[in-house]
Amino acid sequence: MIFPPRPRRLTGMTAQIRPILIHPDRRLRAECEPVAEVDDSIRALIEDMLATMYDAPGVGLAAPQVGVLKRVIVMDCVDKDALPAPVAMVNPEILRVSEELNVHEEGCLSVPEEYVEVTRPARVRVRWLDAAGAPQEADFEGLWATCVQHEIDHLDGRLFIDYVGPLKRKLITERMKKLKRARAREQEEREAGVA
Ligand SMILES: [Zn+2]
């Protein structure tokens, strides 16, 4: 496996943990816009997304999951015990996929506590801009390959539950609606308690 190049040091700005949208939400179904220029606002978004991903915790996060409809993703798929290897991609594009497939049990921070087996190409070649705006290209396999395809799907409004049958997808969606209602209730109760 060719390990993806590490991003250069980012802005050093204080990162903020942003709320993660839960499915169903129309922003999770939007086609995201390409980034015209990798400027400080994009670098700040990347910092926030990495902080949000590590806090969750997750191995990948796409900008639409924090309500920003731009083509930006972050990932870190190394073992929990290994040193962090954050990767940020702006305008990522899949150039090539292997014929060989891989089945992986996927989850998503926008569809909490649901895991389904998804079949995808085992290896992919991806081109993107890093946080400095420089073009990068690398091959991914294993969890990295699954993750990068899952995150790029988000940029096209696609979720991992789109790979399961309609019945199962409906069941999961109903559970998510319930979860959102419960969380909204908790929030109301908290606010009422504070008042
Ligand atoms: Zn996801």
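Scroll up a little and you will see the structure.
This write-up is about the structure you can find in this document.

What about the overall build of the chain?
Move 1: Assigned secondary structure in the chain consists of three helices and seven strands.
Move 2: Reading the chain from its N end, one meets helices and strands in the order α-β-β-β-β-β-β-β-α-α.
Move 3: Taking 16 Å as the expected radius of gyration for a compact globule of 195 residues, we find that the chain reaches 17 Å, a close match to that expectation.
Move 4: Dimensions along the principal axes, computed over C-alpha positions, put the chain at roughly 50 × 40 × 35 Å.
Move 5: Burial analysis of the chain (195 residues in total) assigns 32% to the buried set.
Move 6: Once local pairs closer than 6 in sequence are excluded, the contacts in the chain between residues at least 24 apart make up 69%.

Digging into the sheet that holds strand β2 (residues 72-75)
Move 1: The strand order across the open sheet built from five strands is β1-β2-β3-β6-β7, with neighbouring strands paired in antiparallel fashion. The sheet terminates laterally at β1 (60-62) and β7 (135-141), the two strands that pair on one side only. Across this sheet, the average inter-strand angle for adjacent strands is 40 degrees, counted without regard to direction.
Move 2: Where strand β3 (residues 87-97) lies against strand β6 (residues 123-129), five bridges are found, and the strand directions are antiparallel.

What to know about unusual backbone geometry
Move 1: In this model, His23 is joined to Pro24 through a cis peptide bond whose omega is 0 degrees.
Move 2: Looking at the element boundaries, Pro24 is found in the segment before α1 (40-55).
Move 3: Omega for the bond connecting Ala56 with Pro57 falls within 30 degrees of zero, at -10 degrees, which places this linkage in the cis form.
Move 4: Of note, Pro57 is situated in the loop between α1 and β1.
Move 5: A positive phi angle, near 60 degrees, is found at Glu113, a position not held by glycine.
Move 6: Looking at the element boundaries, Glu113 is found in strand β5 (residues 111-121).

Here we look at the pairing of β3
Move 1: By the bridge criterion, four bridges tie β2 to β3 in an arrangement that is antiparallel. What sits directly across from Met75, in β3, is Val87.

As for the nonpolar core
Move 1: Of all hydrophobic cores here, the largest spans 32 residues; its most connected members are Ile46, Met49, Val72, Ile73, Val74 and Val148.
Move 2: Counting only elements with at least two residues in this core, the list comes to α1, β1, β2, β3, β6 and α2 (142-155).
Move 3: Those residues within four positions of Val148 in sequence are excluded, and the remaining contacts are Met75, Val124, Val126 and Phe140.
Move 4: Judged by nonpolar contacts, the second largest core, of eight residues, contains Leu28, Cys108, Phe160 and Ile172.

Structural notes on helix α3 (residues 166-194)
Move 1: With 29 residues, α3 should cover 42 Å at 1.5 Å per step; its first-to-last C-alpha distance of 42 Å lies within 8% of that length.
Move 2: Across the 29 residues that make up α3, only a small minority, two, are buried.

Parameters and conventions
Residues numbered from 1 in each chain as written. Predicted model: local features only at pLDDT ≥ 70, side-chain atom pairs only at ≥ 80, totals over all residues. Helix = DSSP H or I, 4+ residues; strand = E, 2+ residues; numbered from the N terminus. Rg over C-alpha atoms; globule rule 2.2 N^0.38 Å. Buried ≥ 20, exposed ≤ 12 C-beta atoms within 10 Å, placed from the backbone. Contact = placed C-beta atoms within 7 Å. Pairing = 2+ DSSP bridges. Axes fitted to C-alpha atoms, helices over the stretch in contact; angles between N-to-C directions. Core = buried A, V, L, I, M, F, W, Y, C linked by C-beta atoms within 7 Å. Expected span 1.5 Å × (residues − 1).

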